[in-house]
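The primary structure of each chain is shown beneath.
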Amino acid sequence: MNHPERRLLIAVDMERYSRRGNRQQYEAQQAFQQMLHRAAAAVGLDRVRWTTQQAGDGELAILPRDVREPLLIGRFVPELNRMLRDHNSTRLPVGRIRLRVSIHQGLVHLDGANGFPGHAVVEVCRLCEAKPLKQALARFPDAGVGLIVSSDIYRDVVTEYPEELRPDRFRRVEVRHPDKEFREWAWICVVDEDLSPPPRDPGGDGGGPGPDGDGGGPGPDGDGGGPGPDGGTPARRSRTRHPSGPTGGGFHVGDVRVDGTNAMGHGATAVGGDAYLDRGRP
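Residues numbered from 1 in each chain as written. Predicted model: local features only at pLDDT ≥ 70, side-chain atom pairs only at ≥ 80, totals over all residues. Heavy atoms only, no water.

The name an unreviewed UniProt entry assigns to the protein chain is Guanylate cyclase domain-containing protein, from the organism Micromonospora cathayae.

Here we look at the overall build of the protein chain
A count of helices and strands for the protein chain gives five helices and 11 strands. Going through the 282 residues of the protein chain one by one, you find that 41% of them count as buried. When contacts within the protein chain are restricted to residue pairs at least 6 apart in sequence, those whose partners lie at least 24 apart make up 58%. Here the protein chain displays about 16,200 Å² of accessible surface, and carbon together with sulfur accounts for 49% of that area. (Helix = DSSP H or I, 4+ residues; strand = E, 2+ residues; numbered from the N terminus. Buried < 20%, exposed > 50% of the residue type's maximum accessible area, 1.4 Å probe, protein only. Contact = heavy atoms within 4.5 Å. Areas by Shrake-Rupley, 256 points an atom, 1.4 Å probe, with all protein chains shown as cover.)

Concerning the side chain of R20
Topologically, R20 is positioned in the loop between strand 1 (5–14) and helix 1 (22–42). Although R20 is buried, it forms no salt bridge, and the closest oppositely charged side chain is E15 at an N-O distance of 6.7 Å. The residues touching R20, leaving out its near neighbours within four places in the chain, are E15, Q25, A28, V94, G95, R96 and I97. (Lys, Arg positive; Asp, Glu negative; His and termini not counted. Salt bridge = Lys/Arg side-chain N within 4 Å of Asp/Glu carboxyl O.)

Looking at the packing of helix 1 against helix 2 (residues 69–88)
Helix 2 packs onto helix 1 with a crossing angle of 135° between their chain directions and a minimal axis gap of 9 Å. Taken together, the axes of helix 1 and helix 2 lie oblique to each other. In this structure, helix 1 meets helix 2 at a crossing whose hand is right-handed. Contacts from A31, M35, L36, R38, A39, A40 and A42 of helix 1 reach helix 2 at F76, E79, L80, M83, L84 and H87. Tallied by class, the residues present in the contact of helix 1 with helix 2 amount to 10 nonpolar, one polar and two charged. (Axes fitted to C-alpha atoms, helices over the stretch in contact; angles between N-to-C directions. Parallel < 35°, antiparallel > 145°, perpendicular 65-115°, else oblique. Left-handed = near helix turned anticlockwise from the far one by under 90°. Nonpolar A, V, L, I, M, F, W, Y, C, P; charged D, E, K, R; others polar.)

Observations regarding the pairing of strand 4 (residues 99–108)
Of all 10 residues making up strand 4, nine are buried, and the element is well covered by its neighbours. As paired elements, strand 1 and strand 4 share 10 bridges and run antiparallel to each other. Following the sheet pairing, L8 is matched in strand 4 by Q105. As paired strands, strand 4 and strand 5 (residues 145–150) are joined by five bridges and run parallel to one another. Residue V101 lies in a different strand from strand 5, and its bridge partner there is L147. (Pairing = 2+ DSSP bridges.)

A few points about the pattern of salt bridges
As enumerated under the stated definition, the model contains 16 salt bridges in all. For R7, the salt bridge identified is with E5, shortest N-O distance 2.6 Å. Judged by its relative accessible area of 10%, R7 is buried. One salt bridge connects E79 with R82, and the closest N-O pair in it is separated by 2.8 Å. With E79 and R82 both in helix 2, this residue pair falls three residues apart, about one helical turn. Taking relative accessible area as the criterion, R82 reaches 37% and is therefore assigned partly exposed. Three or more residues joined by partner-sharing salt bridges are found here, namely D13, R100, E129 and K134.

Some details on the side chain of S102
Locating S102 in the fold gives a position in strand 4. For S102, a relative accessible area of 0% corresponds to the buried category. In terms of polar contacts, S102 uses its side chain to reach the backbone carbonyl oxygen of V124, at 2.6 Å. Among residues more than four places away in sequence, those in contact with S102 are L9, I10, A11, V124, L127, C128 and I148. (Polar contact = N/O pair within 3.5 Å; in protein donor to acceptor, adjacent residues only side chain to side chain.)

Quick word on the nonpolar core
Ranked by size, the top nonpolar core spans 42 residues in total, and within it I10, F76, L80 and I103 carry the most contacts. Taken together, the elements giving at least two residues each to this core come down to strand 1, helix 1, helix 2, strand 4, strand 5, helix 5 (151–158) and strand 7 (182–190). Of the residues forming this core, the biggest block, eight residues, is contributed by helix 2. Residues within four places of F76 in sequence aside, it is in contact with I10, L36, A39, A40, V43, L45, W50 and L71. Membership of the second largest hydrophobic core comes to 15 residues, among which are A130, L137, A143 and F182. (Core = buried A, V, L, I, M, F, W, Y, C linked by side-chain atoms within 4.5 Å.)

This is how it looks when you write it as structure tokens:
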């Protein structure tokens, strides 16, 4: 067994490959390889020197020792994204190629009998299959690349040598594969897209999700009028009595305030929020 070498690793996987027919898979594989070669050549990388392990819908690549990490992350990935967007713009959805890309570094044995032994290889492959990455890419139908990098790559490369990628566009996520006993933190971005959650509309009806996305946020007046935590029936609007005026006999219901029995006129009707007041129904 030869000594392991510390190398830069990249795993690439096609979105929705298994949903394609035989001929569509054949054409997707051709387009996949063409895009990788063209993007690498455009930024000065020699794909011929990459040590690769192929799969039908993707590949694992171990890069040469002299490849600069900022070049791969900050220029190759954005170039690949541009080419994919251009390729997809003239094709029906079934013919489009969208990729999940993961990047990590670590010790790897290059002389394995059936692949490349090493924890770094396992991690880069697990990252490429991360559920948060799949969900992020699905949010942006026009995007070409969803990227995930390990925490040390984000710290040492993305934040220090961003090239064409903006560090503020990355989001920290926890990657879990319970069946494989894998749990790691990583950073994701969808190239040229903003992963920030959409802002809440202060003038909305309170029916949207709360800050944690479970639909439990308050209504527009902050009284919990939106759906309950289980997304079912909206919570009952609170009805609080308030002392008012010299006698303290007024009360507040919903959005209507009444200070005395005739404050709104004899026989008047008022509707506000969920309140209903008339002569016979206080």
